[in-house]
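# Commentary on secondary and tertiary structure
Chain by chain, the residues run as shown.
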Amino acid sequence: MKYINYRALSRILQNLRIKYESQMSTSKWSVRTSQETSPSYPLDSGLRHYSKTSITRCIQNNEPKAERPRAQTTIDQEEIDRFSALAQLWWDESGEFEALHTMNELRVPLITDSLIEQNTKASGKKDVKIDQPLEGFKILDVGSGGGILTEPLGRLGAFVIGVDASEENIKIAQAHVMHDEKLARNIKYICATVEDMVETEERSFDAVIASEVVEHVADRDMFLKACCKLVKPGGSLFLTTLNKTRMSYLAVVASERVLNLVARGTHDWNKFVSPEEVQYTLTQNGLSTRLVHGMMYNPLSKRWRWIKDTSINYAIHAVCTDEALQLNKVTVE
Amino acid sequence: MSIKSIEHVFKVHFSSTAILSEKVDVVISGGGMVGASMACALAQNEMYRNKKVVLLEAASDKGEFILPEAYSNRTCSLSPATVKLFESLGAWDEIKNMRYQPVKRMQVWESCSDALITFNNEDLCDNLAYIVENDVILGAIMKRLKATGDNVDIKFNTKATNYRFPGEKDENDHKESLVSLELSNGQTLQTNLLIGADGFQSSIRKKANFHTIHTDYKQCAVVATLQLAETFDNTVAWQRFLKTGPIALLPLGPNLSSMVWSTTAENARNLKQIPEDSFVDAVNDALWHDRDKNPVVSSVFNSFTDALNNILPGSLLSKQLPPTVIGVQEKSRASFPLSLTHSSNYVKSRVALIGDAAHRIHPLAGQGVNLGFGDVACLNELLTNCAKHGGDPGSLTHLLDYETERQRQIIPVMVTIDGLQCLYSTTLTPIVLLRSLGLHTVHSLDIIKNQIIKQASS
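Residues numbered from 1 in each chain as written. Chains lettered and ligands numbered in written order. Predicted model: local features only at pLDDT ≥ 70, side-chain atom pairs only at ≥ 80, totals over all residues. Heavy atoms only, no water.

Turning to the overall build of chain B, a few remarks are in order. Looking only at helices and strands, one finds 13 helices and 20 strands in chain B. Here the C-alpha atoms of chain B give a radius of gyration of 25 Å, agreeing with the 23 Å that 2.2 N^0.38 yields for 458 residues. In terms of overall dimensions, chain B has C-alpha extents of about 95 × 40 × 40 Å along its principal axes. In chain B, the share of contacts with a sequence separation of at least 24, taken over all contacts with a separation of at least 6, comes to 76%. Summed over all atoms, the accessible surface of chain B reaches about 19,800 Å², with 53% contributed by carbon and sulfur. For chain B, the distance from the average site of its 43 positive side-chain charges to the average site of its 48 negative ones is 4 Å. (Helix = DSSP H or I, 4+ residues; strand = E, 2+ residues; numbered from the N terminus. Rg over C-alpha atoms; globule rule 2.2 N^0.38 Å. Contact = heavy atoms within 4.5 Å. Areas by Shrake-Rupley, 256 points an atom, 1.4 Å probe, with all protein chains shown as cover. Lys, Arg positive; Asp, Glu negative; His and termini not counted. Charge placed at Lys NZ, Arg CZ, Asp CG, Glu CD.)

Listed below in structure tokens is the structure:
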């Protein structure tokens, strides 16, 4: 008995208890949505405040002039302390967002490999730095939350802008990235929505990523349209979300109502979307799909793996091509 | 935001860090064989070439290692898996240029009965293990590290005097998110990952509150370099279990062998003090004497081997006689206490233990250091994976993979060795009988023996 690894044992016991929680808590908004019964637009007061000011600005100037949303560069010490404490919630790898942390093992290679392949195809052979493969890529992480996906991409050399409509999340992410000066140079966090970004950054990103976000937005078509507009010709859009199937319905019911693992209302099954629907919207907006692949979370090993079946979680990679743009008469200004 | 608050942020975050504090990616504490190998592996890891790695070593820089003529009394038996790691680090060529001795055959027997077991690869071509002096191993690794490690900062004469682990508060009451180390030279290091390679009395293991299991074997290992009578192709490793503990002779050179004799503390003290002649006599006696032979076991054992020989022809004892020792190298006798130490976890947030810091076992199978080098190979691979995914090197998910993978390999080895040590420390007739019959059965079944060889070399 003396050789038993007690942590391993307690981990197994925990696993048995949690099961679907992680799968269901893939929501980046779960903290907030449990407080707000039904957000009118994905996001929260911070954003509404932002939108309001931009509207007033427009009225005053009479001539609307787009101004790039300002990045959060400085926050005072008191806030750092407060948000650092909250950051621990996001960055505790065995905590509430565990499944998002481990999902990086799938989505980071997917993004990296696809972007490099795309780039090599477009510009012939190019030397890729093995430790900084994403150097030179400009990426937008939509719904960056605490920065769980933003930081790894920045670490691989990409210049990443993380946008999140929640001011709190942005400050949490900002407080966390400050610990690594070198990484902080590659990352900017902006409190904004994708629609705000379109005003100034249309067709400027090598990649736009909306991971575990689509299932939480109010107007999906508008959201996806804005995402597509941000991708530059030849650039990529990556999505991961939940399918609208009986399986995913059961998963939500099981975790939210039977096992009470996640707060009720974290996920709204009605907002889930099938890959076909997403693909249709993307095509309409000038993107052609390159890959649709199912993802499977094993609650025992707490790891993700790729599977054929897309009935619960899936990922989509689409590319903004000239043909698709012309075919759907999407104009690039 | 006011200028004042910006100033405040600047003060807190940069002023204290500007002069003395350095932010690095990985700190390896302990520049012994395992710690230096870890540094060497990261030095040659492409994913880490732009990351900062610091190796802390309390001893001073000995410069380039020059091979002394006299053999050292501290040696390791390196398994083929370890050799593979050294080959990948380029250190094996360095060792080959110095000296090493291959082991082609092993014979294990005991003092209470005639049972024995031998291991060798069919054709005596592949080696079971390699005996290399510790100094040679460390010299080779340090040479490679200095030649390749642009990203590794080796701090000699330096050790950590204070640690602050993630979540602990510093003097300004700010919670630490990385590991922070105060060094003996007054510097402060902040690191994403601290690798503890600081030996079986690891201060990192203690400071980070790792739960540890510790069993004192109440034995001491006496080491010495012995001179053998016959000058032959010395490639056999010998081990005899005595009732006080095993004695092993490992080939070092043409007529030199390295001895590791595990015995009672009292006997060990005595063996270190007695004149060289008496010491040689004591060693020969330990290898040859028949005093402990149990007559009951002998008669049962003989009829058992006869019966088994009828079923499995060719399973007759092929006992090779052990060599005769004629001398001991001057001042080569030393002893150290033996214990089993195992940390229940090898990792915590931003901390990983490798080598003896995580696990220390009885030297009877010569596996201890090989397990340590196995840790290096495994951790290096997982850190590469982590970097490929853009992860933080201190990310617990990856560290837990290291822990799981290593414990899956180490715990069975440890239990086996601890079990063998228990099994052979008794003279109780039924147990002696059972272990003798069991050993002989295994010896007669090549399938099982080949499995054991495979296990021991991986």
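The helix and strand tally for chain A stands at 14 helices and eight strands. Element-wise, carbon and sulfur atoms account for 52% of the exposed surface of chain A, whose accessible area totals about 15,300 Å².

Turning next to the side chain of threonine 397 of chain B. Following the sequence through the fold, threonine 397 of chain B ends up in helix H11 (residues 396-423). Assessed through its relative accessible area of 11%, threonine 397 of chain B is described here as buried. (Buried < 20%, exposed > 50% of the residue type's maximum accessible area, 1.4 Å probe, protein only.)

The next point concerns a negative patch on the surface. Residues and elements named next belong to chain B. On the surface, a cluster of negative charge is made up of Glu276, Asp277, Asp281 and Glu330. With respect to the helices, strands and loops of the structure, glutamate 330 is situated in the loop between strand E16 (325-328) and strand E17 (334-343). Accessibility expressed as a relative area gives 62% for glutamate 330, which makes it exposed. (Patch = residues over 30% accessible without salt bridge, like charges linked within 9 Å, V, L, I, M, F, W, Y side chains within 5 Å. Salt bridge = Lys/Arg side-chain N within 4 Å of Asp/Glu carboxyl O.)

Right, let's get into a nonpolar patch on the surface. Residues Leu420, Leu423, Leu428 and Ile431 of chain B make up a contiguous nonpolar surface patch of about 290 Å² in total accessible area. Within the secondary structure, leucine 423 of chain B is located in helix H11.

Here the focus is the confidence of the model for chain B. Note that predicted coordinates carrying low pLDDT should not be read in detail. Residues and elements named next belong to chain B. The predicted model of chain B averages 87 in pLDDT, with 93% of residues at 70 or higher. Here residues 9-19 is modelled with pLDDT under 50, and outside its nearest four sequence neighbours on either side it reaches 14 contacts, counting other chains as well. Here the predicted complex scores 0.84 on pTM and 0.79 on ipTM. (pLDDT = per-residue confidence, 0-100.)

Time to look at the UniProt feature "domain: FAD-binding" (unreviewed entry) in chain B. The positions that UniProt labels "domain: FAD-binding" (unreviewed entry) are, in the present scheme, residues 23-276 and 334-408 of chain B. Between the end C-alpha atoms of residues 334-408 of chain B there is a gap of 34 Å, over a span that is 45% helix and 23% strand. (UniProt positions renumbered as here; feature names shortened; annotations may be inferred.)

Residue and element names in this part refer to chain A. Strand order across the open sheet formed by eight strands is E3-E2-E1-E4-E5-E8-E6-E7, with mixed pairing between neighbours. A single partner strand is all that each edge strand has here, and the edge strands are strand E3 (187-191) and strand E7 (303-307). For this sheet, the mean angle separating the axes of adjacent strands, direction not counted, is 20°. Judged from the four bridges that link them, strand E1 (residues 138-142) and strand E4 (residues 205-211) form a sheet pairing that is parallel. Each residue of the ladder has a partner; that of isoleucine 139, found in E4, is alanine 207. Helix-sheet contacts for helix H10 (residues 194-201) involve E1, strand E2 (159-164), E3 and E4, and the interaxial angle to E1 is about 155°. (Pairing = 2+ DSSP bridges. Axes fitted to C-alpha atoms, helices over the stretch in contact; angles between N-to-C directions.)

If you look at soluble globular proteins, the nonpolar side chains tend to sit buried side by side. One finds Ile28, Leu78, Phe86, Ile137 and Leu181 of chain B to be the most contacted residues of the largest nonpolar core, which totals 104 residues. The contact partners of leucine 181 of chain B, leaving out residues within four places of it in the chain, are Val27, Leu56, Ala160, Asn162, Tyr163, Gln187, Thr188, Leu189, Thr191 and Leu194 of chain B. One finds Ile161, Ala192, Val194 and Tyr314 of chain A within the second-largest nonpolar core, a separate group that totals 33 residues. (Core = buried A, V, L, I, M, F, W, Y, C linked by side-chain atoms within 4.5 Å.)

Our focus in this paragraph is helix H9 (residues 295-311) of chain B. All names here are of chain B. In this model H9 runs 25 Å from its N-terminal to its C-terminal C-alpha over 17 residues, within 8% of the 24 Å that 1.5 Å per residue would give. Where H9 is concerned, the buried positions are Val297, Ser298, Phe301, Thr305 and Leu308. When H9 is viewed along its axis, its buried side chains cluster within an angular range of 95° and face the same direction. Facing away from the buried surface of H9 by more than 90 degrees, the exposed residues are Pro295 and Asn310. Buried residues belonging to H9 abut helix H12 (429-444). A distance of 3.1 Å separates the backbone nitrogen of valine 296 from a side-chain oxygen at the start of H9, and that oxygen is part of asparagine 294. (Expected span 1.5 Å × (residues − 1). Arc of directions from axis to C-beta. Polar contact = N/O pair within 3.5 Å; in protein donor to acceptor, adjacent residues only side chain to side chain.)

This part takes up the packing of aromatic side chains. With the rule as written, the count across this model stands at 11 aromatic pairs over all chains. Plain terms: the ring middles of tryptophan 90 of chain A and phenylalanine 97 of chain A are 4.1 Å apart, the flat faces sit at 5° to each other, and that makes the pair stacked. In this pair, the class of tryptophan 90 of chain A matches that of phenylalanine 97 of chain A, namely buried. Taken together, the ring pairs connect Trp92, Tyr100 and Tyr130 of chain B into an aromatic cluster. Above the plane of the ring of tyrosine 48 of chain B lies lysine 51 of chain B, whose end atom (NZ or CZ) is 5.4 Å from the centre. Looking at lysine 348 of chain B, its charged tip hangs above the ring of phenylalanine 210 of chain B, at a distance of 4.9 Å from the centre. (Phe/Tyr/Trp six-rings, centres within 6.5 Å; stacked < 30°, edge-to-face > 60°. Lys NZ or Arg CZ within 6 Å of the ring centre and 35° of its normal.)

Residue and element names in this part refer to chain A. The UniProt entry lists Glu212, Glu215 and His216 under the feature "binding site: Mg(2+)" (unreviewed entry), expressed in the numbering used here. Secondary-structure assignment places glutamate 215 in the loop between E4 and helix H11 (220-230). By relative accessible area, glutamate 215 is classed as buried at 1%. With near-sequence residues (within four places) excluded, glutamate 215 lies in contact with Thr240, Thr241, Leu242, Lys271 and Phe272. Here histidine 216 lies in the loop between E4 and H11. Using a relative accessible area of 8% as the deciding quantity, one classes histidine 216 as buried.

Turning next to the environment of valine 319 of chain A. Residue placement: valine 319 of chain A occurs in strand E8 (residues 313-320). The spacing of valine 319 of chain A and serine 236 of chain A is 83 residues in sequence and 4.4 Å in space, taken between C-alpha atoms.

Here we come to the packing of H12 of chain B against helix H13 (residues 446-457) of chain B. Residues and elements named next belong to chain B. Between H12 and H13, the shortest axis-to-axis distance is 5 Å and the interhelical angle comes to 90°. Put simply, H12 runs roughly perpendicular to H13. Across the interface between the two elements, Val442, His443 and Ser444 of H12 pack against Asp446, Ile448, Lys449 and Ile452 of H13. Here the residues of the contact of H12 with H13 are counted per class, giving three nonpolar, two polar and two charged. (Parallel < 35°, antiparallel > 145°, perpendicular 65-115°, else oblique. Nonpolar A, V, L, I, M, F, W, Y, C, P; charged D, E, K, R; others polar.)

What follows deals with the packing of helix H2 (residues 33-43) of chain B against helix H5 (residues 134-148) of chain B. All names here are of chain B. Where H2 meets H5, the axes come as close as 9 Å, and the angle between the chain directions of the two elements is 25°. When the axes of H2 and H5 are compared, the pair comes out roughly parallel. The two elements H2 and H5 meet at a crossing, and its hand is left-handed. Seen from H2, the contacting residues are Met33, Ala36, Ser37, Ala39, Cys40 and Ala43; seen from H5, they are Asn134, Ile137, Leu138, Ile141, Met142, Arg144, Leu145 and Thr148. (Left-handed = near helix turned anticlockwise from the far one by under 90°.)

This part is about the pattern of salt bridges. Summed over all chains, the structure comprises 25 salt bridges over all chains. Across the salt bridge formed by glutamate 105 of chain A and arginine 303 of chain A, the nearest N and O atoms sit 3.2 Å from each other. Here the residue glutamate 105 of chain A occupies a position in helix H6 (residues 98-123), and arginine 303 of chain A occupies one in strand E7, the gap between them amounting to 198 residues. Both residues of the pair, glutamate 105 of chain A and arginine 303 of chain A, belong to the buried class. Arginine 49 of chain B is paired through a salt bridge with glutamate 46 of chain B; the nearest N and O atoms lie 3.8 Å apart. Judged by its relative accessible area of 41%, arginine 49 of chain B falls in the partly exposed class. A residue is classified by how much of its surface remains accessible, and glutamate 46 of chain B, at 43% relative accessible area, is partly exposed.

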